[in-house]
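Descriptive structure summary
The lines below spell out each chain.
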Amino acid sequence: MITSYSESRNRAFENLHVKNKVRLRNHATGELLHMGGETLTRSIDYAWIGSRHQAEQLRKRAVAQGNDWPFTAINRSLIENDYPVEKTGPEA
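Predicted model only: the values in this text are computed from it and were never measured.

**Overview of the overall build of the protein chain**
A tally of helices and strands in the protein chain yields two helices and four strands. Going from N to C terminus, the protein chain has its helices and strands arranged as α-β-β-β-α-β. Out of the 92 residues in the protein chain, the part that is buried amounts to 26%. Counted over contacts in the protein chain with a minimum sequence separation of 6, partners at least 24 positions apart contribute 55%. Accessible surface, the protein chain as shown: approximately 6,600 Å² in total, 49% of it carbon and sulfur.

Here you go:
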């Protein structure tokens, strides 16, 4: 069944709250990939969020360009607004 949205913000709001989204965390520093895709942030308000497939495509693109890929996909439910990035361990 196809669902259509009268307003794009409703679609964006639902996509934001999908449970299977991941964030990309630098294992060495604990920082997250910024939503712009080029810098790091400690705030999840500005962190990249997407599917595992999108994360893999970003990794492939970085490797093809000869860049290091220090990021690990972390399920978004493991990093919440009231749980700072600094407190998440490498096992998250």
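**A word on the pairing of strand β1 (residues 22-26)**
Burial analysis of β1 places five of its five residues in the buried class, which makes it a mostly covered element. Residues V22, L24 and N26 point to one face of β1 and R23 and R25 to the other, with burial holding for every one of them. Direction of pairing for β1 relative to strand β4 (residues 71-75): antiparallel, over a ladder of five bridges. Pairing of N26 across the sheet is with F71, part of β4.

**With respect to the confidence of the model for the protein chain**
Here the protein chain shows a mean pLDDT of 79. Residues at 70 or above account for 66%. Counting interchain partners and residues more than four positions distant, the pLDDT-below-50 stretch residues 87-92 has ten contacts.

**Quick word on the nonpolar core**
By size, the foremost hydrophobic cluster in this structure holds six residues: V22, L24, L33, W48, A55 and F71. Contacts of V22, omitting those with residues within four sequence positions, involve W48, I49, G50, S51, R52, A55, A73, I74, N75 and R76. In this structure, L32, I44, A47 and I74 belong to the second largest nonpolar core, which totals five residues.

**Describing helix α2 (residues 52-64)**
Here α2 is 13 residues long and its end C-alpha atoms lie 18 Å apart, about the 18 Å a rise of 1.5 Å per residue gives. At the C-terminal side of α2, G66 shows a positive phi close to 85°.

**What to know about the packing of aromatic side chains**
Centre-to-centre distance and the angle between the planes together describe a pair of aromatic rings. Inspection of the entire model under this criterion finds one aromatic pair. With 4.9 Å between their ring centres and 65° between their planes, W69 and F71 make a pair best called edge-to-face. The exposure class of F71 is buried, given its relative accessible area of 14%.

**Some details on the environment of W48**
Within the secondary structure, W48 sits in the loop between β3 (40-41) and α2. Sequence-wise, W48 and R25 are 23 residues apart; in three dimensions their C-alpha atoms are separated by 9.5 Å. When residues no more than four places from it in sequence are discounted, the contact partners of W48 are V22, R23, L24, L33, H34, M35, Q54, A55 and L58.

Cut-offs applied
- Residues numbered from 1 in each chain as written.
- Predicted model: local features only at pLDDT ≥ 70, side-chain atom pairs only at ≥ 80, totals over all residues.
- Heavy atoms only, no water.
- Helix = DSSP H or I, 4+ residues; strand = E, 2+ residues; numbered from the N terminus.
- Buried < 20%, exposed > 50% of the residue type's maximum accessible area, 1.4 Å probe, protein only.
- Contact = heavy atoms within 4.5 Å.
- Areas by Shrake-Rupley, 256 points an atom, 1.4 Å probe, with all protein chains shown as cover.
- Pairing = 2+ DSSP bridges.
- pLDDT = per-residue confidence, 0-100.
- Core = buried A, V, L, I, M, F, W, Y, C linked by side-chain atoms within 4.5 Å.
- Expected span 1.5 Å × (residues − 1).
- Phe/Tyr/Trp six-rings, centres within 6.5 Å; stacked < 30°, edge-to-face > 60°.

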